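Fold and geometry: a report
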Amino acid sequence: MPDEALGGSMRDYRYPRGADLQDRVGGFYKWQDLRRSHGMWPFSRSTEESPSTVTAARNDAGGKFRGVNFASQDYLSLSVHPAIKQVALDVIHEFGVHSAGSAALLGNTSHSVKLERKIADFLGTEEAILFPTGWAAGYGVIKGLVRSTDHVVMDALAHTCLQEGANAATRNIYLFRHNRVDECRRWLEKIRSTDTTNGIMVVTEGLFSMDSDTPDLPALQALCHEFDATLMVDVAHDLGNLGRDGKGFIGDQGMLGKIDLVMGSFSKTFGSNGGFVACRSREIKEYLRFYSPPCTFSNALSPSQAATVMKAFEIIESAEGQQLRDKLMTNILSLRSQLVEAGFEVYGDPSAIVCVKMGSEGLARLVSRRLPDAGLIANLVEFPAVPKGQARFRMQVMAEHTEANIRDAVSALRSAYGAGRAEFEERQADFGSDAAKQVAA
């Protein structure tokens, strides 16, 4: 296998050179296809069945494999819940499959109107507005409210949709080190020392998806009050599946109804695509509807999607929902414990995101290549999605995973890691020997 398949990253091809916009992307495909041809491209896979705890899938070269599934985002296993599927079918028969319009025109349905009210009530806010995807909500809430003379102060590890929204809205972007409230304060002090007339949006997440940790939300909201700024919190990964009554870290930190803006995604817990922004007034909601491009110029959620999410909220608020959260946390703790016992290091605090440290991108790719044959489906995360040299597997836990699923997953990862590390160390030894020979020559 060429060493190039173990090296390089997507960052290398982010800014291709050349006058022809189409021809200059070939370098990325050449590198990608080299990895693909050696079984080192673990992305763009497709499932052959539902995203259940065990499923069949294909890689993007068409190769089929089957394994215990820790790669799907379905934390409460609601995407295959019988009641969820039945609601979707019933609404399709009544409304069809498409909203057929923007939410700014005739794309709303009775289901989406009810869902907006449910989200606002669930989070203790005055209003909520829907977006076609969670990514659109994160991008759209920033682009919709922030103007070129305004400022965005953002956690350095904030999701790409939030970074892209900020970059599209203003050049005045300030990153503070991850979860460092003191650094956030310093940026706010610096901005307000010279600008008391323009707006500031502080952006963070309720649960960070690569490190499984959470910020001090009361402290950040207090800072925003002090410096006349607006706090926006992304709750995509914790809402519904963590915290008392499924209210996530906003609930656990006593901040229901107190955060200025809350955005989230339905795709992790609620069994559907789509996203939302919860806000403190009808004025903000209506402004976003007509000035946030992903909302104004995209077709609204389909009626079956809106009804699916509404049913998911009903389950989440029921005794069954609490049972599912309890099962999920039991599985989370079991997986983390067994991984540590097997010699692995995991990131952050207990959540449905269990990231397993690999380190070197080359080592991680050699391990990833072996996972399908070992019977495990898991997502490799590498630079630039995480810092260089901090590659990891992001294992995503479901409520319906069994203890046997967890044991099988840990056993498969341990086996793949052992073989992958042996090959990695052999390659390093060979490289060192070849380098020594060249120096001697």
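Everything that follows concerns the structure shown earlier in this document.
Read on for an overview of the structure. (Residues numbered from 1 in each chain as written. Predicted model: local features only at pLDDT ≥ 70, side-chain atom pairs only at ≥ 80, totals over all residues. Heavy atoms only, no water.)

**Section: the sheet that holds strand S5 (residues 151-155)**
- As summarised here, the arrangement of the 7 strands in space is S4-S10-S9-S8-S7-S5-S6, forming an open sheet in which the pairing is mixed. In the strand order of this sheet, the two ends are held by strand S4 (127-131) and strand S6 (173-176), each with one partner. This sheet shows a mean twist of 20° between the axes of neighbouring strands, independent of strand direction.
- Strand direction decides the pairing type here: strand S7 (residues 200-205) and strand S8 (residues 230-234), joined by 5 bridges, are parallel. (Pairing = 2+ DSSP bridges. Helix = DSSP H or I, 4+ residues; strand = E, 2+ residues; numbered from the N terminus. Axes fitted to C-alpha atoms, helices over the stretch in contact; angles between N-to-C directions.)

**With respect to helix H12 (residues 319-341)**
- Between the first and last C-alpha of H12 there are 33 Å, a value that for 23 residues agrees with the 33 Å anticipated at 1.5 Å per step.
- The set of residues buried in H12 consists of Gly321, Leu324, Arg325, Leu328, Asn331, Ile332, Ser334, Leu335, Arg336, Gln338 and Leu339.
- Its side-chain oxygen 3.3 Å from the backbone nitrogen of Glu320, Ser318 forms the N-cap of H12.
- Positive phi appears at Gly343, one or two residues downstream of H12, with a value of about 100°. (Expected span 1.5 Å × (residues − 1). Buried < 20%, exposed > 50% of the residue type's maximum accessible area, 1.4 Å probe, protein only. Polar contact = N/O pair within 3.5 Å; in protein donor to acceptor, adjacent residues only side chain to side chain.)

**Observations concerning the side chain of Thr269**
- Mapped onto the fold, Thr269 is located in the loop between strand S9 (261-265) and strand S10 (275-279).
- For Thr269, the side chain forms a polar contact with the side chain of Asn241, separated by 2.9 Å.

**Considerations on unusual backbone geometry**
- In this structure, Pro384 follows Phe383 across a cis peptide bond, with omega equal to 10°.
- Along the chain, Pro384 turns up in the loop between strand S13 (379-381) and strand S14 (391-396).
- You will see that Asn179, though not glycine, has its phi angle at about 60°, which is positive.
- Inspection of the secondary structure puts Asn179 in the loop between S6 and helix H6 (181-194).
- You can call Asn179 partly exposed: its relative accessible area is 22%.
- Residues other than glycine seldom take positive phi values, yet Asp228 does so here, at roughly 55°.
- Looking at where Asp228 falls in the secondary structure, it is placed in the loop between helix H7 (217-226) and S8.

Geometry only, nothing functional implied.
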